[in-house]
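Chain residues, written in single-letter form:
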Amino acid sequence: MSALGLLALRKGWAVSGTDREDGPALVALRAAGADVHLGHSADAIPAKVDVVVLSTAIPATNPEVVAAGERGLTVIHRSDLLAMLMDGHRGLAVAGAHGKSTTTAMLSLALGGATLCVGAEVPWGDGTGAAWGDGPWFCAEADESDRSLLRLPAEAAILLNVDHDHHSTYASIDEVEDVFRQFIAGLPADGLLVVGPDSRAQRVAAGAPCAVRVVGDVHGAWAHVHDHTLVLATGDRVALDMAAPGAHNRENAACAIALADWCGVPPALAAERIAPFAGVGRRFEDIGTAGGVRVVDDYAHHPVEVAATLAAARSVHDGRIVAVFQPHLFSRTRALAVEFGEALSSADIVVVTDIYAARETPEPGVDSTLVMSSIRGPDEMMFVPLLADVPSVIVPDLRPGDLVITMGAGDITTLGPRILEALGG
């Protein structure tokens, strides 16, 4: 929502809004000219307003939603505003269960600074995930969590992968595949679909109405990633010397390069533009170092993401890896507890906290011990229910050379600074 607000301001529209907590995004919006306040209330809606925009997280009982209805105001979903902002541009959408924000940001960079809108902070986004760039292209993250990706006007797209992540929205992986098929079906015949190495995504892409470029080690692929090199079907080789760690980020970059090439940017130039990019906010984000212990924060909240984050950590760190994981949502934990345990097992020390409920209510029998019971291999495992207790529990066992990674989609992002403080940083 902060990204959309910033883009609307850049377009010259008056923007106001509310949030339940303050933070960098609201600071950024205030600096850009938005009238933003803490706390939701009916009188927060200005007397003169053209449209009220809400996210999927806002319930119908929200006082501002109720007031908008009583006043007969037009109320739209955030994806409708995104579609409005994309109007007049050539839309490029990045979809998939994992890596959307990062890859969309890479695509914007590869295109020389195209207009961008993602759900994570980018270094050039003035505290948000948005930037109004030059040129015809608009790079948008396409969100499947609420099926809103189906509303975006894209002439070309990337489908990174297909996975069952949002269990409160989709009853099965078949439903997830179906929504991605609908998304692909909306592309124009003269457009392009880039598909990542994920085999399920490649199957889903089989019915695309446009040309398809596959990035992966399969027959007929446009290119594949070999170590730190993008090998094109033509035989040309492009170095992927990237600041963002991990094989998954090299694959993300390869997909961005494939679409940028279609947009007219040579692969070598696209790779050069992406290379310095260390990632969007909360993706292996360095929080700091104290007492010889480095602390990193990551948004990983699905087993595939947890495994990729820990693998990336191994590729750049020789010491012990301490994973502090906060499960996100009861529905996701119930469905994927075993897979979470398996993914976390590659760390040297694992700490699991209570589930971050977000929009859900507790489910009987579903708690973090389900994840703990599936962890095998680490030197030490700990269940520390409260985030506030984590620093005092783990800091005495930390030693110089350790890497602590806080992972999850909840308020665990606040934990890293507290660990550094406890370390004396």
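Just so it is clear, the structure is predicted and the values come from calculations on it, not from any experiment.

In this section: the packing of helix α5 (residues 100-110) against helix α8 (residues 247-262). Relative to each other, α5 and α8 sit at 45 degrees, their axes nearing to 9 Å. The angle between the axes of α5 and α8 places the two elements in the oblique class. For the crossing formed where α5 meets α8, the hand is right-handed. The residues of α8 that touch α5, namely those facing T102, T103, M106, L107 and A110, are N249, N252, A253, A256, L259 and A260. Of the residues contributing to the contact of α5 with α8, the split by class is seven nonpolar, four polar and no charged.

The next point concerns the pairing of strand β8 (residues 137-141). Where burial is concerned, most of β8 is hidden: five out of the five residues are buried. Both faces of β8 are covered, namely the face carrying W137, C139 and E141 and the face carrying F138 and A140. Bridge count for strand β5 (residues 90-95) against β8 is five bridges, and the pairing is parallel. Among the inter-strand pairings, A93 is bridged to a residue of β8, identified as A140. Here strand β6 (residues 115-117) runs beside β8; their pairing, made up of three bridges, is parallel.

As summarised here, the arrangement of the seven strands in space is β7-β6-β8-β5-β9-β10-β11, forming an open sheet in which the pairing is mixed. Strand pairing shows two members of the sheet lacking a second neighbour, β7 (130-131) and β11 (211-214), which therefore form its edges. Pairing analysis gives four bridges linking strand β10 (residues 192-195) to β11, with the strands arranged parallel. What sits directly across from L192, in β11, is A211. Across the sheet, helix α4 (residues 78-86) lies against β5, β6 and β8, angled at about 165 degrees from β8, the strand it touches most. Contacts from α8 reach β5, β8, β9 (156-159), β10 and β11 within the one sheet, and its direction differs from that of β10 by about 160 degrees.

In this structure the tally under the stated criterion is zero disulfides. Cysteine C210 shares no disulfide, and the gap to the nearest cysteine sulfur, in C263, comes to 13 Å. There is no disulfide at C255, and the cysteine sulfur nearest it, in C263, is 14 Å away.

With respect to the secondary-structure elements, T309 resides in helix α10 (residues 303-316). Taking relative accessible area as the criterion, T309 reaches 4% and is therefore assigned buried. A distance of 3.1 Å separates a polar atom in the side chain of T309 from a polar atom in the side chain of D298.

Within the open sheet, the six strands sit side by side as β15-β16-β20-β17-β18-β19. Their pairing is mixed. Each edge of the sheet is formed by a strand with only one pairing partner; in this case those strands are β15 (285-290) and β19 (380-383). The sheet shows a mean angle of 15 degrees between the axes of neighbouring strands, taken without regard to direction. Pairing of strand β16 (residues 293-298) with strand β20 (residues 403-407), which is carried by five bridges, proceeds in the parallel orientation. Counted as the bridge partner of R294 is L403 from β20. Taken strand by strand, helix α14 (residues 415-423) contacts β15, β16, β17 (321-325) and β20, and its axis lies near 10 degrees from that of β15.

Before going further, it helps to examine the environment of D318. With respect to the helices and strands, D318 occurs in the loop between α10 and β17. C-alpha of D318 to C-alpha of G401: the two residues are 83 residues apart in sequence and 8.2 Å apart in space.

Moving on, we get to the packing of helix α1 (residues 2-10) against α4. At their nearest, the axes of α1 and α4 sit 10 Å apart, and the two run at 35 degrees to each other. Crossing angle aside, the handedness with which α1 passes α4 is left-handed. Here L4, L7 and A8 of α1 come into contact with α4, specifically with R78, L81, L82 and L85. A class-by-class count of the residues in the contact of α1 with α4 yields six nonpolar, no polar and one charged.

The final tally for this structure, using the stated rule, is four aromatic pairs. Aromatic side chains W132 and F138 sit 6.5 Å apart centroid to centroid with 90 degrees between the ring planes, which places their arrangement in the edge-to-face category. Residue W132 is classed as partly exposed on the basis of its relative accessible area, which comes to 31%. The interplanar angle of 40 degrees and the centroid separation of 4.9 Å between the aromatic rings of F325 and F340 together place this pair among those described as tilted. Of this pair, F325 sits in strand β17 while F340 sits in helix α11 (residues 330-344), and the two are 15 residues apart along the sequence. Assessed through its relative accessible area of 0%, F325 is described here as buried. In this structure F340 comes out as buried when scored by relative accessible area, which is 0%.

The rules behind these values
- Residues numbered from 1 in each chain as written.
- Predicted model: local features only at pLDDT ≥ 70, side-chain atom pairs only at ≥ 80, totals over all residues.
- Heavy atoms only, no water.
- Axes fitted to C-alpha atoms, helices over the stretch in contact; angles between N-to-C directions.
- Helix = DSSP H or I, 4+ residues; strand = E, 2+ residues; numbered from the N terminus.
- Parallel < 35°, antiparallel > 145°, perpendicular 65-115°, else oblique.
- Left-handed = near helix turned anticlockwise from the far one by under 90°.
- Contact = heavy atoms within 4.5 Å.
- Nonpolar A, V, L, I, M, F, W, Y, C, P; charged D, E, K, R; others polar.
- Buried < 20%, exposed > 50% of the residue type's maximum accessible area, 1.4 Å probe, protein only.
- Pairing = 2+ DSSP bridges.
- Disulfide = S-S within 2.5 Å.
- Polar contact = N/O pair within 3.5 Å; in protein donor to acceptor, adjacent residues only side chain to side chain.
- Phe/Tyr/Trp six-rings, centres within 6.5 Å; stacked < 30°, edge-to-face > 60°.

Keep in mind these values describe shape, not function.
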